[in-house]
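# Fold and contact review
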Amino acid sequence: MKSGPLCPVPLKAGKGMPLAAPPILPVIDAAACSLGRLAASTCAACANACPRAALTSDNSGLNLDPDACTVCGACAAACPQSAIRLGGREMPEVQGRKRVVAGLVCPRRGPSSLCLQGLGLRALVALWLQGTRQIVSLTADCTTCADGGGLDFAGRLEVLNQLLTSRDLPAMTWHKVDQLPRNLPLIGPQANDVDPRRRAFLGGLVTSHPKDNPLARLQAMASHDAARFAFAAQIDPSRCTGCDACVRVCPEAALSLIKDESKELVYQSASHKCSGCGMCADVCDSDALTVQQCHPETPDVALTSLHCRGCGVDVHVPTAGPWANGWLCPICARTGHHKRLHQVLE
């Protein structure tokens, strides 16, 4: 059975049978999902991350096979827009007051536990902001696990530590053990999350939730120019046409069109806000925009105002681009339709 695109799995019961409470399954907020916001979006991060192909992406959107889903959390960890909810598992927290060292128990080793697969970069940042500096995990063999076989938890932790050390902040460490110390606080689901079984019972509604962005909070702690960012949008002035599509589509306002301190028009990047969704690159028809990972802040792109003598429109183009010193806007320069216009002088 598959759900419809961008919707929770519908509940079905046989005739005369009571409606049973379903297991916890991914619930997708279509208003936050890149595919729900932009038809041109090529994002398939959740489907690509799913180790069991329970989530698939096609022209109709996202589809979920609930029988294949094991709630490992890989989809929520990979989603750049935090659009997937898993009963609080998408943003876990330490269950206890002492949070410097926290334990995590593999689902194969104990009940009510979490898979390392579900600890994405934002979840790790949230734990760090809560005060956790070391994760001790009691796990099975991830390399042979159907859920954790493609796991790159160490890679995510390395990215986090690059962000931290570039800001002169203490790093987070992780190691596996055969037995957890007694009284060690454990990492578990957020206690205040709405139970998806209740949501389904009340009609399967998908509701938006306040979007706390721990990654943006951490990255705003940039102490010097060497600070790195998880994602940074970079504009190539030699390709950019100044159409502003990337600015208009960015859901986090990480790209903006402003006047700098010199009152000059520029494209400015605020990489601490960037989620890495890639929608800016998806709408750029000149392939001028790329999203760099674990990168320093990208410089402003200076713009020059231009009055096109072909179509009469006022535009702005990158000062370092090929159109700044011309008399045609990029569209007229590319199409050449102005050559078919003739002025009759009497």
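Residues numbered from 1 in each chain as written. Predicted model: local features only at pLDDT ≥ 70, side-chain atom pairs only at ≥ 80, totals over all residues. Heavy atoms only, no water.

Contact pair helix α4 (residues 121–130) / helix α5 (residues 153–165): the axes reach a minimum separation of 10 Å and the direction vectors enclose 55°. Taken together, the axes of α4 and α5 are oblique relative to one another. Of the two possible hands of crossing, α4 and α5 adopt the one that is right-handed. Contacts between α4 and α5 involve Leu121, Leu124, Val125 and Trp128 from the former and Phe153, Arg156, Leu157, Val159, Leu160 and Leu164 from the latter. Among the residues making up the contact of α4 with α5, the classes are represented as nine nonpolar, no polar and one charged. (Axes fitted to C-alpha atoms, helices over the stretch in contact; angles between N-to-C directions. Helix = DSSP H or I, 4+ residues; strand = E, 2+ residues; numbered from the N terminus. Parallel < 35°, antiparallel > 145°, perpendicular 65-115°, else oblique. Left-handed = near helix turned anticlockwise from the far one by under 90°. Contact = heavy atoms within 4.5 Å. Nonpolar A, V, L, I, M, F, W, Y, C, P; charged D, E, K, R; others polar.)

This part takes up the sheet that holds strand β11 (residues 255–259). Strand order in the open sheet formed by four strands is β11-β12-β14-β15, and the pairing between neighbours is antiparallel. The two strands at the open ends of the sheet, each matched to only one other strand, are β11 and β15 (314–318). Along the sheet, successive strands turn relative to each other by an average axial angle of 35°, direction set aside. Note that strand β14 (residues 301–307) and β15 share five bridges and pair antiparallel. In the strand pairing of β15, Ser305 is matched with His316. (Pairing = 2+ DSSP bridges.)

Let us now look at the nonpolar core. Within soluble globular proteins, side chains that are nonpolar tend to cluster in buried spots. Leu119, Ile135, Leu160, Met172 and Ile187 are the most contacted members of the largest nonpolar core, which has 30 residues in total. Those elements that place two or more of their residues in this core are β6 (101–105), α4, α5, α7 (214–219) and β10 (228–235). Not counting residues up to four positions away in its chain, the partners in contact with Leu119 are Ala77, Pro92, Leu104, Leu124, Leu127, Ile135, Phe153 and Arg156. If you look at the next biggest cluster of nonpolar residues, it comprises 17 residues, including Leu25, Leu55, Leu62 and Ala83. (Core = buried A, V, L, I, M, F, W, Y, C linked by side-chain atoms within 4.5 Å. Buried < 20%, exposed > 50% of the residue type's maximum accessible area, 1.4 Å probe, protein only.)

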